[in-house]
Amino acid sequence: AWDITLRMIRLVSTTQIAGVVATGSLEQLLADHPDAFVPRAETLARTSARFRFMLSGVWPQKRQDSPGWQRILAARAPGPDMDAGDPLPPDDLPD
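Keep in mind that this is a model prediction, so the values were computed, not measured. (Residues numbered from 1 in each chain as written. Predicted model: local features only at pLDDT ≥ 70, side-chain atom pairs only at ≥ 80, totals over all residues. Heavy atoms only, no water.)

**Considering the overall build of the chain**
- Scanning the chain from N- to C-terminus turns up five helices and zero strands.
- Ordered by position from N to C terminus, the α and β elements of the chain give α-α-α-α-α.
- Since a compact globule built from 95 residues should have a radius of gyration of about 12 Å, the 12 Å found for the chain is in line with a globular shape.
- Projected onto its principal axes, the C-alpha coordinates of the chain cover approximately 30 × 25 × 20 Å.
- Residue pairs at least 24 apart in sequence account for 73% of intrachain contacts in the chain once pairs closer than 6 positions are excluded. (Helix = DSSP H or I, 4+ residues; strand = E, 2+ residues; numbered from the N terminus. Rg over C-alpha atoms; globule rule 2.2 N^0.38 Å. Contact = heavy atoms within 4.5 Å.)

Right, dumping it as C-alpha cells:
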C-alpha cells in the first residue's frame, strides 16, 4: 500500500488530485498504521517538498492528541501547504 501511495503521489498533476490522494490512501495509512508509516513519512518529508505538501492535506481523524499526529504536524511544518494555496511542487521523491 505504501509503494502504491508513493506512486500516486509521483503522478499527481493538480492540487485537486493531490487533495484526493492526501485525504485518501495517505491519510488512511498514517491513521491506521502510525507505527509503521509515520517514521517513513518523516524521512521523506525531510527531503521532499512534494511529500510535505501531501502531508499538509492529511487530517488527524480524531487522533489530534496522539504522538503520531504531532510528528506528522512537525514533519509537514516547513511547507509548502496545500490549505494555504501553495502550488503543487514538482516530483522530488527519491526513486
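**Looking at the environment of Pro39**
- Within the fold, Pro39 resides in helix α3 (residues 34-47).
- Under the relative-accessibility criterion, Pro39 is labelled partly exposed at 32%.
- The sequence separation of Pro39 and Ile72 amounts to 33 residues, and the corresponding C-alpha distance is 9.1 Å.
- Setting aside anything within four residues of it in sequence, one finds Pro39 in contact with Pro34 and Arg71. (Buried < 20%, exposed > 50% of the residue type's maximum accessible area, 1.4 Å probe, protein only.)

**Thoughts on α3**
- Here α3 spans 20 Å end to end across 14 residues, near enough to the 20 Å set by a 1.5 Å rise per residue.
- When we look at burial in α3, the residues that qualify are Phe37, Val38, Ala41, Glu42, Leu44 and Ala45. (Expected span 1.5 Å × (residues − 1).)

**Brief notes about the packing of aromatic side chains**
- Per the counting criterion, the structure on display carries two aromatic pairs.
- Plain terms: the ring middles of Trp2 and Phe37 are 5.3 Å apart, the flat faces sit at 20° to each other, and that makes the pair stacked. Within this pair, whereas Trp2 is found in helix α1 (residues 2-11), its partner Phe37 is found in helix α3, the two being separated by 35 residues in sequence.
- On the basis of relative accessible area, Trp2 is assigned to the buried category, the value being 8%.
- Residue classification places Phe37 among the buried residues on the basis of a relative accessible area of 11%.
- Among the aromatic residues, ring-to-ring pairing joins Trp2, Phe37 and Phe51 into one connected group. (Phe/Tyr/Trp six-rings, centres within 6.5 Å; stacked < 30°, edge-to-face > 60°.)

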